[in-house]
Amino acid sequence: RLELSYGYELVAPNGENIRKSNIGAKLNLIPENWGGKNFVPAVSAGAIWKSTSEVAEGSDDSALDFYLVATKLITQLPRPVLLSAGVLNTKEQVTGVFGYNDDSDTTFFANIDVLPTSFLALGAEFKQGAEYSNFKNENYYDLHAAWFANANLTLIGAYVNAGDETSTSKVGLGDGVVLSAQYAF
């Protein structure tokens with residue numbers, strides 16, 4: 001199974017409008033419960049081309065990231081729980097909002113969601129900040145709620161902490177509320 005995606009972000013650090021586009025492809029390598037084994041997660045590999053409108057001098061305005069992720073839906077608990085974890089090889093500086101580095105780093109990410117109803121997911125996400133010789137990203141985490149409005153449309157609200165925006169050792173965007181909409185064809 002091959003999935004294609006497009007994402008658009010509008011981020012305004014310090015009142016500056018930065019536009020970011022992401023084009024992704026993800027290939028399922030091992031299907032969930034492969035071989036009739038209930039403990040086998042789905043394993044996928046993917047790539048995301050990212051492009052940012054306004055970047056600092058000395059930073060690239062686009063880059064290609066690669067990732068490997070395992071995902072497992074646990075249905076044996078009182079409510080279904082979705083777990084995912086993986087590794088990301090990236091050049092992003094603060095998720096790409098501040099452009100892309102010449103170097104790359106491999107980082108860890110994970111997500112957990114509880115599905116209390118068929119139309120709602122409540123969860124948390126963590127992403128390790130990439131570190132390069134000349135730039136260090138803060139770690140990123142969020143607490144989120146997702147409403148599955150229908151089979152195609154998901155609306156998400158999250159409290160996000162993308163690190164201390166005043167830090168002199170690691171760069172972040174601070175914290176706040178993020179709203180997102182995702183539409184699948």
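Coordinates for the structure precede this section.
Residues numbered from 1 in each chain as written. Predicted model: local features only at pLDDT ≥ 70, side-chain atom pairs only at ≥ 80, totals over all residues. Heavy atoms only, no water.

Novice: Can you lay out the overall build of the protein for me, pointing to particular residues and giving the numbers?
Specialist: Broken down by element type, the protein carries 0 helices and 10 strands. Along the protein, helices and strands appear, N-terminal first, in the series β-β-β-β-β-β-β-β-β-β. A compact globule built from 185 residues should have a C-alpha radius of gyration of about 16 Å, and the protein, at 17 Å, falls within 12% of that. If one aligns the C-alpha atoms of the protein with their principal axes, the spans along those axes are about 50 × 30 × 30 Å. (Helix = DSSP H or I, 4+ residues; strand = E, 2+ residues; numbered from the N terminus. Rg over C-alpha atoms; globule rule 2.2 N^0.38 Å.)

Novice: Give me the side chain of threonine 52: which residues, what numbers.
Specialist: With respect to the helices, strands and loops of the structure, threonine 52 is situated in strand E3 (residues 42–52). From its side chain, threonine 52 meets the backbone oxygen of glycine 96 in a polar contact 2.7 Å long. Ignoring any residue separated from it by four or fewer positions in sequence, one finds threonine 52 in contact with Ile18, Arg19, Lys20, Asp61, Gly96, Val97 and Tyr100. (Polar contact = N/O pair within 3.5 Å; in protein donor to acceptor, adjacent residues only side chain to side chain. Contact = heavy atoms within 4.5 Å.)

Novice: Describe the sheet that holds strand E9 (residues 153–161), listing the residues and the values that go with them.
Specialist: The strand order across the open sheet formed by 10 strands is E1-E2-E3-E4-E5-E6-E7-E8-E9-E10, and the pairing between neighbours is antiparallel. Since the sheet does not close on itself, it has two edges, and those belong to strand E1 (2–11) and strand E10 (175–183), each with one partner. Across this sheet, the average inter-strand angle for adjacent strands is 20°, counted without regard to direction. Alignment of strand E4 (residues 62–74) against strand E5 (residues 81–92), held across 9 bridges, turns out to be antiparallel. In the sheet register, leucine 68 faces E5, and the bridge partner there is valine 87. (Pairing = 2+ DSSP bridges. Axes fitted to C-alpha atoms, helices over the stretch in contact; angles between N-to-C directions.)

Novice: I'd love a proper account of the pairing of strand E6 (residues 100–117), names of residues and values included.
Specialist: In the sheet, E5 pairs with E6 via 11 bridges, with the strands oriented antiparallel. Each bridged residue has a counterpart across the sheet, and for leucine 82 the counterpart in E6 is aspartate 113. Where E6 and strand E7 (residues 120–127) come together, 7 bridges link them in antiparallel fashion. Bridge pairing in E7 links asparagine 111 to glutamate 125.

Novice: Explain the pattern of salt bridges residue by residue, including any values.
Specialist: With the rule as written, the count across this model stands at 8 salt bridges. For the salt bridge of glutamate 32 with lysine 72, the shortest nitrogen-to-oxygen distance reads 3.3 Å. Of the two residues, glutamate 32 is situated in the loop between strand E2 (18–30) and E3 and lysine 72 in strand E4; the sequence distance between them amounts to 40 residues. For lysine 72, a relative accessible area of 14% translates into the label buried. Between aspartate 65 and lysine 50 there is a salt bridge, with its nearest N and O atoms 2.8 Å apart. Taken together, the positions of aspartate 65 in strand E4 and lysine 50 in strand E3 put the pair 15 residues apart, joining distant regions of the chain. Judged by relative accessible area, which is 0%, aspartate 65 ranks as buried. Since its relative accessible area comes to 7%, lysine 50 is described here as buried. Salt bridges linked by common partners bring Lys50, Asp65, Glu92 and Lys127 together as one network. (Salt bridge = Lys/Arg side-chain N within 4 Å of Asp/Glu carboxyl O. Buried < 20%, exposed > 50% of the residue type's maximum accessible area, 1.4 Å probe, protein only.)

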